[in-house]
Amino acid sequence: MADLSIEFAGIKSPNPFWLASAPPTNTGYQVQRAFEAGWGGAVWKTLGEPVINTSARFAAVHFGGQRVAGFNNIELITDRPLEVNLKEIYETKRRFPDHAIIASLMVEPKREKWHEIVKRVEAIGVDGLELNFGCPHGMAERGMGAASGQQPDLVLAQTAWVKEVATTPVIVKLTPNITDITVVARHAVKGGADAISLINTINSLAGVDIHSWNTIPNVGGQGAHGGYCGPAVKPIALSMVAECARDREVGVPISGIGGISTWQDVVEFMLMGSTGIQVCTAVMHHGFRIVEEMIDGLNHYLDGKGLASVTELIGQSLPRYSNWGDLDLNYKVVARINEENCINCNKCHIACEDASHQCIDMLTNAEGKAILQVREEDCVGCNLCSIVCPADGAIDMVALDSGLAPMSWNQRSRIISGVNGSYSEAEVV
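Source: prediction; values computed, not measured.

The next point concerns the overall build of the protein chain. A count of helical and extended segments in the protein chain gives 14 helices and 20 strands. With the principal axes as the frame, the protein chain shows a C-alpha extent of 80 × 60 × 50 Å. In the protein chain, which comprises 429 residues, the share counted as buried stands at 50%. For the protein chain, the share of sequence-separated contacts (at least 6 apart) that also reach a separation of at least 24 residues comes to 71%. Entry remark: accessible area of the protein chain is about 20200 Å², with carbon and sulfur atoms responsible for 52%. Separation between the mean location of the 33 positive side-chain charges and that of the 48 negative ones in the protein chain comes to 7 Å.

Written out as structure tokens, the structure is:
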């Protein structure tokens, strides 16, 4: 069995599986049950000034027969008194001393407010602090959450205020509702952040009831934008994690968040630079015990790869993640259809004919059987046919030797401008 323990910015945890700051970490009862189930850490539901939450607050996007492909919420930070939360954090840490407990914090962007809450929270023995600069609804209208997280200078200032008094590691949670997440990440680091976590939820409206014309959800017939999470946001989160992980000016540990539901998701996030991960929606959908399957799956995966520790995964795929301008334009793949596995549904032909490069022909073979065949000379290797194909093994994407040396758009541009290079005219064209 591989070693699943991690050390995240100095915070030790028995495994990389943490609960994100959200409804599943609202009470000591919940967090303690989560630890009993196998979770290695928990980021307590965000603490701050008391709020009032709405009654209708959750909605989901179901797609293709899958429940909760995406999840939307308009819930705010904890609506329980700070004193009650602190008491339960203290009791939970005493009962589970080897598990990581992180306090998520959100207050007005005032130096004295941050100093006050940091001192009160650290006094009861948390392992670290997570500054919530990401909530896109409710709190943002009050100048907190994403309203702070969208202003790099304010992220820097507030992080610095916290670091003036903090004695535990400080994690800054970033909002995805921004043009370039690395800009804010850099400012968090300049402010003294020991780590970052991302992503928080994405601005969203789950839907509209076409019969009543009410938004989903609605509060007495009125709706508002909320935060989007769940499996649907995973590609966005994975990209933003990778961007921060490969940015040399960031250079701090990352806690990956966004659509993580399986052990495979965990592996992907860690390969792209996450030291640990946080989960919310999957627990709200399936309960705390999903961590058992995640732990088992990760253990078997690591054993199969011959890895002694889960930390050996961190960042291993980053060297394979680049910019579009650095991709090899002379790399060539084509689609090949395997007749023995093809079910002749014609999905690939329709997709190619209507939305791609019209290179799949409908033919009849020597036995009089209808077949589909790719004209490889016209195939651009877009992958669309293999994506829409419902039959496993029916379409392979095969790499061909183009006969040309690798060349990216950036290299091509330099050659054309005469900066450097010795490619032939055929290779450049």
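Right, let's get into the packing of aromatic side chains. Per the stated rule, a full pass over the model turns up five aromatic pairs. On the basis of an interplanar angle of 80 degrees and a centroid distance of 5.7 Å, the ring pair of Phe8 and Trp18 is categorised as edge-to-face. You can see Phe8 sitting in strand E1 (residues 6-8) and its partner Trp18 sitting in strand E3 (residues 17-19), a full ten residues away along the chain. On the accessibility criterion, Trp18 (2% relative accessible area) is buried. Ring plane angle 80 degrees and centroid distance 6.0 Å describe the contact between Trp114 and Phe133, whose orientation is recorded as edge-to-face. Here Phe133 lies in the loop between strand E8 (128-132) and helix H4 (146-149) and Trp114 lies in helix H3 (residues 111-122), a separation of 19 residues in the sequence.

All right, on to the pattern of salt bridges then. With the rule as written, the count across this model stands at 19 salt bridges. Where Arg186 meets Asp247, a salt bridge forms, and the shortest distance between an N and an O atom there is 2.6 Å. One end of the pair, Arg186, is in helix H6 (residues 181-190); the other, Asp247, is in the loop between helix H7 (234-245) and strand E15 (254-257), with 61 residues separating them in the sequence. Each of Lys45, Arg57 and Glu75 takes part in one network of salt bridges that share partners.

Calculation criteria
Residues numbered from 1 in each chain as written. Predicted model: local features only at pLDDT ≥ 70, side-chain atom pairs only at ≥ 80, totals over all residues. Heavy atoms only, no water. Helix = DSSP H or I, 4+ residues; strand = E, 2+ residues; numbered from the N terminus. Buried < 20%, exposed > 50% of the residue type's maximum accessible area, 1.4 Å probe, protein only. Contact = heavy atoms within 4.5 Å. Areas by Shrake-Rupley, 256 points an atom, 1.4 Å probe, with all protein chains shown as cover. Lys, Arg positive; Asp, Glu negative; His and termini not counted. Charge placed at Lys NZ, Arg CZ, Asp CG, Glu CD. Phe/Tyr/Trp six-rings, centres within 6.5 Å; stacked < 30°, edge-to-face > 60°. Salt bridge = Lys/Arg side-chain N within 4 Å of Asp/Glu carboxyl O.

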